[in-house]
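Chain and residue survey
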Amino acid sequence: MTKFNRRQTLGLFGGLAGAAAASSLAAPAIAMNKKITVGALRFTSHSGSFIAQERNYFAEAGLDVELKFFQAAQPMAVAIASGDVDYAVTAISGGLISLADKGAIKVIGGALSEEPGIDGQKILASDAAYQAGLTSPAALGGKTFGMSTAGSSFHYMGSKVAAAEGVEMSFKPLQKVGAIIGALKSGQIDAWSIVPHIAKPLAGSGAVHIIGNVSDYLPHYQVTTVFTSAKNAADERGQTADFLAGFGKGVSDYNSTMIDRAGGDAGVDEMVDLIHKYVYTDRPREKAAPSIINGTMRLNEGSKLNVASVADQLNWFQSEGLVKDSITLETLVDTSYVDTFEA
Amino acid sequence: MSEQMKPQSGIEVRFRGGGFAPKSRRWVGPLVFVVLIALMEWGTRSGWISALTLPRPSDVLATFQDLWSTGMLFKHLAPSLTRLAVGAAIGASVGVSVGILIGLSSYIRAGLVPLVAAIFPIPKIALLPLFVIWFGIDEGSKYALIAFGTFTPTVVATYGAVDNVDRSLIRMGQSFGLSWQSIVRKIVLPGAMPGILSGLRISLAIAIILLVAAEMLGAEYGIGAYILEAGSLYDLERLFAGVVILSLLGVVVSTVIGWIERRLLGWRI
Amino acid sequence: MDLQLDRICHAYGDTEVLRDISLEIPQGRIICLVGPSGCGKSTLLRMIGGLERPSAGRVLQVGEPPKDSLNPLTYVFQDFALLPWRSVRGNISLVLEDHGIKGAAADQIIEDVLARTKLSDFAKALPKQLSGGMKQRVAIARALAVNPSVMLMDEPLSALDSQTRELLMDDLVALWTRQPFTAVYVTHNLAEAVRLGHAIVVLSRRPGEIREVVEIDKPLAERGYGDRDLEEVQKHLWTLMRDEARAADEELLDV
């Protein structure tokens, strides 16, 4: 049975309109100019998409990309499942795995992973808990740990740290990052883990303290992945490869400029200007720049994916009873697009 | 008339009084449920409803059985029912008291009615972070949210009910020299009871709605927390199982109020 | 205890309702107030019982009310004003509770007034189970329970059908004959007035003034349905009122 979804129907009309426009206007000489939608959060870790868009890497790959912004990862995953968004980057969560199980989405590459020696996610303690002796993750026993929802990446990280330290914690679901920060500052919860560009300013204010690194417990943790609908992964191989190519160039630029400093300070400045168009847009550039630079983490070159970490995450979600035991790694990941590694 | 009536050829008057009279059709309600559920089951089994759109009803039932057999049902129900009971009890009792004061005193009415009107449309969920700061992340903020949500509709229903108490009964009380206290306790309060109880139906439904919101922040167990978790995991079976529990809770609350109404308001014609 | 109305005037805003009403209400007599619609007779009754304040003039109590009177000025209302959620007994005990009369003392009073109003078998009934006539008998029993020195009756039979009205009139006469009480009885029904009134005060249309006070000497117990001499009085009252009533009626239509 042939199913038309809304996007395809729109695409059809868009194509017709595009053909009509091409006959009257001198259209740029792009082979396919295929219209796709890419979901993003306004975080520096999504810079690969921003750079590829700004520097026309998507266009060169023959894609006409529309960026669609979301407030949280969860609705973005649902938007991929519903066909409103084609590609996106987000952390592996219970929801993502469930959607993969329902045949809606596939992970096709890596985006961000922890790497020993590179500044990664931090473990935080509230001031009150810190004063009471929570100065290292070993003292987390009996404490409360913030998370957005059960089955989120925070839940995974907290659990893994607690397991490694051999302690038990209770987890408080608080839905939003803002609510977690508020609860941590006011001492309603004891601990949390978060990316460095949020962790460092918080610690600087003295209301919270950094007590450890996530990478000490999960050295090659695959934090975020590139994912798409199962249909795109299976039936639109050309388009998917084109997207990964364009995205990969953006990631390369980001790593070489921001981490390897190939372009020196001028290169960093230019890159900060570019990213500032998308991230911290409500702040002036001089205030946004330190946050953007602080938030720098190495993105996965060539969208390489650490399947061992993904497998470990899947196992953990299953052991917690958050997702079905029957789900296999193959259901979640399509490894045919990018290089994989196990670390 | 003494003459005999002769049967005449004529047109019989057409009956035109049918319809518009409500009749009891008890079986229709359950039938609608059964047909809808059967349709869902058949649709999900045959595949024209995808697993992404709706869960299979039999799977929801299995999830329910799991909840029951693992004892998790009561682990989730107990805190939720406590929150509901404490929050709604605070909200409703304060609401009834304030509503009666508004109904009785024109000063309090002038002072509080605009305030209540201002509070009513605020989505109480928006104030949740504030409540966490005020009342703590544990049970306090959850009680406060539910109490606050039930308070305003109860106030409005109560002072409306007090306004509707038959003035001639109050005048009668005054004419017999009853004290202010006696008039309020023996005439105004029972007279307003029908309105207060029908207001409570609405307030308690709102309390159930707010239960989910209250359990957004810092609840490990609870029906609301269970539904939110299922939502974030995109686990439709658990989501539906949780929603069914809330629906049943609504039916139970409505039945209890109906029972109270029959007990307390037997005097109504 | 007698009551005295001393030049009572009343106005709602610019509308003058009552003008210069002076009247004696002697103990042990039933005074009927009749008049066309809107003449202010109910307003006057509310003033006599202290439920409303006249713009000018005073209502005076002359002499002490009896010691055992719990509520010297007691109303009987047209719409009965029974609490629907209380039984017959509960409605009567309502007016005793505030005077601290409970238990055996209350039971004794309640049984007595129920017997006097022939309601002894209905003590546990709710108002919704009673007919209109019985409801009004409950209201009268309630009024008797506080042992009033003056009963203020505001069209007490107007909400009832005519047969019930006749029966209740007989009941009221029997009650008065057993133990005479003072009453101010407002009605627009002249037949009631001539059956129950020792004196009938005819008010003019708005603003209400006293047109005439008609005394009837025949003892209440001897009066009956369709008595000749009473019909004569009733005719006289009607001639007094007819033009006023028509004018009042047309005045209302103008509104």
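Along every chain, residues carry numbers that run from 1 in the direction the sequence is written. Written order decides the labels, with chains lettered from A and ligands numbered from 1. Side-chain atom pairs in this predicted model are given and counted only at pLDDT of 80 or more, local residue features only at pLDDT of at least 70, and totals for whole chains, interfaces and linings cover all residues. Hydrogens and water are ignored here; the side-chain numbers use all heavy atoms of the structure.

A tally of regular secondary structure across chain C gives seven helices and nine strands. To get the radius of gyration, use the C-alpha atoms; to get the globule rule, take the number of residues to the power 0.38 and multiply by 2.2 Å. Taking 255 residues into account, the globule formula puts the C-alpha radius of gyration at 18 Å, and chain C, at 18 Å, falls close to it. Long-range contacts, defined here as pairs at least 24 residues apart, represent 72% of the contacts in chain C between residues at least 6 apart. Every accessible area reported is derived by Shrake-Rupley at a probe size of 1.4 Å, with residue values counting cover from the shown protein chains alone. As displayed, chain C has an accessible area near 11,800 Å², and 48% of this comes from carbon and sulfur atoms. Charge counting follows a simple rule: Lys and Arg are positive, Asp and Glu are negative, and His as well as the terminal groups are ignored. One atom stands in for each charge, and that atom is NZ of Lys, CZ of Arg, CG of Asp or CD of Glu. Both charge centroids of chain C, one from 30 positive and one from 38 negative side chains, sit 4 Å from each other. A run of H or I in DSSP counts as a helix once it spans at least four residues, and a run of E counts as a strand once it spans at least two, with each numbered from the N terminus. The criterion used for residue contact is that any of the two residues' heavy atoms lie within 4.5 Å.

All names here are of chain A. For glutamine 222, the location among the structural elements is in strand β10 (residues 222-229). Only protein chains enter the accessibility calculation, which uses a 1.4 Å probe; a residue is then buried when its area is under 20% of its type maximum, exposed when over 50%, and partly exposed in between. Look at glutamine 222 and you get buried, because its relative accessible area is 0%. The definition of a polar contact used here is a pair of N or O atoms within 3.5 Å, where within protein one atom must be able to donate a hydrogen and the other to accept one, and adjacent residues in sequence count solely through side-chain atom pairs. Here asparagine 306 takes part through its backbone nitrogen, which lies 2.9 Å from a polar atom of the side chain of glutamine 222. Sequence-distant contacts of glutamine 222, that is, excluding residues within four places in its chain, are made with Gly110, Ala111, Leu112, Ser113, Asn300, Lys304, Leu305, Asn306, Ser309, Val310 and Gln313.

Right, let's get into the domain arrangement of chain C. Residue and element names in this part refer to chain C. Where each domain starts and ends follows an automatic or database-derived domain assignment. Assigned domains of chain C: these are domain 1 (1-65 + 157-255) and domain 2 (81-148). The C-alpha-based centres of domain 1 and domain 2 are spaced at 26 Å. Each side of the interface is counted separately: domain 1 has eight residues, and domain 2 has eight residues. Buried area is understood as the total, over both parts, of accessible area removed when two parts are fitted together, assessed with a 1.4 Å probe. At the boundary of domain 1 with domain 2, total buried surface from both sides reaches about 730 Å², with 66% on carbon and sulfur atoms. Looking at the side of domain 1 facing domain 2, the largest losses of area belong to Leu168, Asp171 and Leu175, adding up to 51% of the total buried there.

This brings us to the packing of helix α2 (residues 57-69) of chain B against helix α10 (residues 236-264) of chain B. Residues and elements named next belong to chain B. Where α2 contacts α10, the two axes come as close as 9 Å, and the packing angle between them is 70 degrees. In terms of orientation, α2 and α10 fall into the roughly perpendicular class. For the pair α2 and α10, the contacting residues are Asp59, Val60, Thr63, Phe64 and Leu67 in the first and Glu237, Arg238, Phe240, Ala241, Val244 and Ile245 in the second. Amino acids are sorted into nonpolar (Ala, Val, Leu, Ile, Met, Phe, Trp, Tyr, Cys and Pro), charged (Asp, Glu, Lys and Arg) and polar (every other residue, Gly among them). A class-by-class count of the residues in the contact of α2 with α10 yields seven nonpolar, one polar and three charged. Angles here are taken between N-to-C directions and fall from 0 to 180 degrees, while the axes themselves are lines fitted to C-alpha atoms, restricted in helices to the stretch in contact. Each angle receives one of four descriptions, namely roughly parallel if under 35 degrees, roughly antiparallel if over 145, roughly perpendicular if within 65 to 115, and oblique otherwise.

Turning to the confidence of the model for chain B, a few remarks are in order. Reading predicted coordinates in detail is not appropriate for stretches of low pLDDT. Across the chain, each position has a pLDDT score giving the predictor's confidence in that residue, from 0 to 100. Across chain B, the average pLDDT comes to 88, with 97% of residues at or above 70. No element of chain B has a lower mean pLDDT than helix α5 (residues 128-135) of chain B, at 81, and none a higher one than helix α3 (residues 72-104) of chain B, at 93.

Moving on: the sheet that holds strand β1 (residues 34-41) of chain A. All names here are of chain A. Pairing between two strands is assigned when DSSP locates at least 2 bridges connecting them. On the basis of which strands lie adjacent, the open sheet formed by five strands has the order β2-β1-β3-β10-β4 and mixed pairing. Pairing within the sheet leaves two strands with one partner each, and these edge strands are β2 (63-70) and β4 (105-113). Strand-to-strand twist across the sheet, computed as the mean angle between neighbouring axes with direction ignored, equals 25 degrees. Two elements, β1 and strand β3 (residues 87-91), share two bridges in a ladder whose sense is parallel. Within β3, the position partnered with glycine 39 by the bridge is alanine 88.

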